[in-house]
Amino acid sequence: VQLQASGGGNVQAGGSLRLSCAASGSIIRINYMGWYRQAPGKQREFVARISSGGSTYVDDSVRGRFAISRDDAKNTAYLQMNSLRFEDTAVYFCNVWAFVTGLGMKEYWGQGTQVTVSS
């Protein structure tokens, strides 16, 4: 399974970005799709996830500003980020739990996409 993340970039505080994560490979079913982030000098932290049934959970630090969604026909998850703050600056990683042919349920990580918010 390969995860291709895109949509990162530079934005001023208060602006918006939309991240995408497209999964490809011998996928039978994707359970959870989610996003984590890692700021310089900090540990990777959870941002948001969405289940196969559409239930979402977002971290308190981004609740009300970020929204996660998915398009199962495209095996793609989205993270709409609004009202961005300087402290949202980080590398954002896509995370997927998928049922894969011959391997069962496994966790996969994307390569990360940089989000930089200038104050």
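As a starting point, this report considers the structure included with it. (Residues numbered from 1 in each chain as written. Predicted model: local features only at pLDDT ≥ 70, side-chain atom pairs only at ≥ 80, totals over all residues. Heavy atoms only, no water.)

## Let's talk about the layout of surface pockets
Stated precisely, the cut-off is as follows: A cavity here means a set of points on a 1 Å grid, drawn over the protein atoms and nothing else, where a 1.4 Å probe fits but cannot get out; a pocket is an open set with protein on both sides within 12 Å along at least five of seven lines, and a residue lines either one if it has an atom within 4 Å of a point. Grid points are joined across faces, edges and corners, and a volume is the space filled by probe spheres set on the points. Each residue is assigned to one of three groups, with Ala, Val, Leu, Ile, Met, Phe, Trp, Tyr, Cys and Pro labelled nonpolar, Asp, Glu, Lys and Arg labelled charged, and all others, Gly among them, labelled polar.
What the largest pocket holds in volume is close to 160 Å³. The wall of the largest pocket is formed by R37, Q38, A39, K42, Q43, E45, F86, E87, D88, T89 and A90. A breakdown of the residues in the lining of the largest pocket according to their chemical character gives three nonpolar, three polar and five charged.

## What about the sheet that holds strand β1 (residues 2–6)?
Where we set the bar: The criterion for strand pairing is that DSSP finds at least two bridges linking the strands in question. Elements are defined by DSSP. Helices are runs of H or I of four residues or more, strands are runs of E of two residues or more, and each kind is numbered from the N terminus. The axes used here are C-alpha line fits, helices contributing only the stretch in contact, and every angle between their N-to-C directions lies in the interval 0 to 180 degrees.
Strand order across the open sheet formed by four strands is β1-β3-β8-β7, with antiparallel pairing between neighbours. Each end of this open sheet is capped by a strand with a single partner; those strands are β1 and β7 (66–71). Here the average twist between neighbouring strands, direction ignored, is 15°. When β7 meets strand β8 (residues 76–81), the two strands line up antiparallel, connected through six bridges. Its bridge partner lying in β8, R70 is registered against A77.

## A few points about the pattern of salt bridges
Counted only if it meets this: Criterion for a salt bridge: a side-chain nitrogen of Lys or Arg within 4 Å of a carboxyl oxygen of Asp or Glu.
According to the stated counting rule, one finds five salt bridges in the structure shown. In this structure, the salt-bridge partner of R37 is E45, at a minimum N-O distance of 2.7 Å. The salt bridge involving R65 is made with D88; its shortest N-O contact spans 2.7 Å. Pair noted here: R65 is in the loop between β6 (56–58) and β7 and D88 is in the loop between β8 and β9 (90–100), with a separation of 23 residues, a long-range link.

## Observations concerning the state of the cysteines
Which entries qualify depends on this criterion: Here, the term disulfide refers to a pair of cysteine sulfur atoms separated by no more than 2.5 Å.
The full count for this structure, using the stated rule, is one disulfide. Between the sulfur atoms of C21 and its disulfide mate C94 the distance is 1.9 Å. On the sign convention where negative means left-handed, the S-S torsion of about -80° between C21 and C94 marks this disulfide as left-handed. Taken together, the positions of C21 in strand β3 (residues 17–24) and C94 in strand β9 put the pair 73 residues apart, joining distant regions of the chain.

## Observations regarding the pairing of β8
Selection rule: Burial classification: accessible surface area is computed with a 1.4 Å probe over protein chains only, and a residue below 20% of its type maximum counts as buried, one above 50% as exposed, and the rest as partly exposed.
In terms of burial, β8 is largely enclosed, as five of its six residues are buried. As defined by bridge partners, β3 adjoins β8 across six bridges and the pair is classed as antiparallel. Pairing of S20 across the sheet is with Y78, part of β8. Taking the residues between adjacent antiparallel strands as the criterion, β7 and β8 are bridged by four residues, where N75 takes a positive phi near 50°.

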